[in-house]
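Report on the structure
Each chain is listed here by its residues.
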Amino acid sequence: AMFALVRAKQAGYEVSDRVLDNGFRYLRRALAREVRWYWMSQYYWDCTDALALYTLALADRPDHGYMQKLYARKDSIPLFAEAYLMKALARAKGYPAMIDELARDLTNRAKISQTSAHFEERNDFGFSWCWNSNTRTTALIMQALAETQPQNSIIPKVVRWLIDQQHVGRWRTTQENLYVVDA
């Protein structure tokens with residue numbers, strides 16, 4: 001919700017500063033684990049944290065300390081979280097070495113064929129209930145690479161794979177449609 005409100009405000013829509021301030025406080029409390037959903041797995045928290053960090057950075061309120069903390073665990077977080085972390089670091093400026101390392105790691109994890117490339121999350125993360133899919137993850141990673149490493153040679157192959165995933169002019173779920181079209 002905060003991501004949508006920040007993007008709406010940036011697009012010129014009227015959004016209450018009070019609502020935004022309350023939302024930013026909530027995101028920071030969630031990052032500090034003052035807000036906790038005990039039924040969520042660590043992997044889901046990693047994705048939620050990465051999106052919260054990106055939302056804060058997008059609003060020019062980056063949490064540098066937590067970005068560095070999540071980056072330190074980059075080898076154990078989902079690809080989806082890595083992509084949002086990379087976007088947050090880029091938006092916050094001043095982290096080129098971290099961005100380059102994340103881009104290298106993500107590119108190295110690509111499943112590459114002769115004509116296309118995509119990314120696959122590990123199966124043990126357990127977030128099928130939140131509409132996780134390889135199409136959604138691939139779209140987000142492609143977007144992160146295009147924003148931070150536009151010269152990356154894998155991008156055209158990723159675009160090809162995403163286009164090939166369409167069925168009857170759309171992707172499988174609304175989440176996939178949103179992430180592919182946004183990317």
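Scroll up to find the structure this text is about.
Residues numbered from 1 in each chain as written. Predicted model: local features only at pLDDT ≥ 70, side-chain atom pairs only at ≥ 80, totals over all residues. Heavy atoms only, no water.

Looking now at the packing of helix 4 (residues 64-72) against helix 5 (residues 79-92). As a packed pair, helix 4 and helix 5 sit with axes 11 Å apart at the nearest point and diverge in direction by 145 degrees. In this structure, helix 4 meets helix 5 at a crossing whose hand is left-handed. On the side of helix 4, the interface is formed by H64, M67, L70 and Y71, while helix 5 contributes L85, A88, L89 and A92. Here the contact of helix 4 with helix 5 is built from residues that sort into seven nonpolar, one polar and no charged. (Axes fitted to C-alpha atoms, helices over the stretch in contact; angles between N-to-C directions. Helix = DSSP H or I, 4+ residues; strand = E, 2+ residues; numbered from the N terminus. Left-handed = near helix turned anticlockwise from the far one by under 90°. Contact = heavy atoms within 4.5 Å. Nonpolar A, V, L, I, M, F, W, Y, C, P; charged D, E, K, R; others polar.)

Below, the discussion takes up unusual backbone geometry. For K93, which is not a glycine, the phi torsion comes out positive at approximately 60 degrees. Structurally, K93 is set in the loop between helix 5 and helix 6 (96-108). Positive phi values are uncommon outside glycine, yet V168 reaches one of about 55 degrees. Within the secondary structure layout, V168 lies in the loop between helix 8 (155-164) and helix 9 (174-182). Under the relative-accessibility criterion, V168 is labelled exposed at 84%. (Buried < 20%, exposed > 50% of the residue type's maximum accessible area, 1.4 Å probe, protein only.)

Looking now at the environment of R109. For R109, the location among the structural elements is in the loop between helix 6 and strand 1 (111-112). Relative accessible area serves as the criterion here: at 30%, R109 is assigned to the partly exposed category. With sequence-adjacent residues up to four places away left out, R109 is seen in contact with K74, D75, L79, E82 and F119. Reaching out from R109, the side chain makes a polar contact with the side chain of E82 at a distance of 3.4 Å. (Polar contact = N/O pair within 3.5 Å; in protein donor to acceptor, adjacent residues only side chain to side chain.)

Right, let's get into the packing of helix 5 against helix 7 (residues 134-148). Contact geometry of helix 5 with helix 7 gives a least axis separation of 9 Å together with a crossing angle of 25 degrees. It follows from the interaxial angle that helix 5 and helix 7 lie roughly parallel. When the axes of helix 5 and helix 7 are compared, the crossing they make is left-handed. Contacts from L79, F80, A83, Y84, M86, K87 and A90 of helix 5 reach helix 7 at R136, T137, L140, I141, Q143, A144, L145, E147 and T148. (Parallel < 35°, antiparallel > 145°, perpendicular 65-115°, else oblique.)

Under the criterion given, the structure shown has 14 salt bridges. Measuring nitrogen to oxygen at the nearest pair gives 3.4 Å for the salt bridge that ties E82 to R109. Taken together, the residues E82 in helix 5 and R109 in the loop between helix 6 and strand 1 connect sequence positions 27 residues apart. Salt bridges sharing partners connect three or more residues here, namely E82, D105 and R109. (Salt bridge = Lys/Arg side-chain N within 4 Å of Asp/Glu carboxyl O.)

Let us look at the environment of V181. Mapping V181 onto the fold places it in helix 9. Here the alpha-carbon distance between V181 and W171, two residues 10 residues apart in the chain, equals 9.8 Å.

Attention shifts here to the nonpolar core. Ranked by size, the top nonpolar core spans 53 residues in total, and within it L53, M67, L85, M86 and L89 carry the most contacts. Counting residues per element, this core draws most heavily on helix 5, at 10 residues. Excluding its chain neighbours within four sequence positions, the residues that come into contact with L85 are A50, L53, M67, L70, Y71, I77 and L102. (Core = buried A, V, L, I, M, F, W, Y, C linked by side-chain atoms within 4.5 Å.)

Residues spaced three or four apart along an α-helix face the same direction, because each turn holds 3.6 residues. Between its terminal C-alpha atoms helix 5 stretches 20 Å, which fits the 20 Å expected from 14 residues at 1.5 Å a residue. Within helix 5, 12 of the 14 residues are buried, which leaves the element mostly enclosed by the surrounding structure. Every buried residue belonging to helix 5 is among L79, F80, A81, E82, A83, Y84, L85, M86, K87, A88, L89 and A92, and all of these are buried. Contacts made by the buried residues of helix 5 are with helix 3 (42-58), helix 4, helix 6, helix 7 and helix 9. Trailing helix 5 by a residue or two, K93 shows a phi angle of about 60 degrees, which is positive. (Expected span 1.5 Å × (residues − 1).)

What follows covers the side chain of Q143. Topologically, Q143 is positioned in helix 7. We classify Q143 as buried; its relative accessible area is 10%. Excluding anything up to four places from it in sequence, Q143 contacts K87, D182 and A183.

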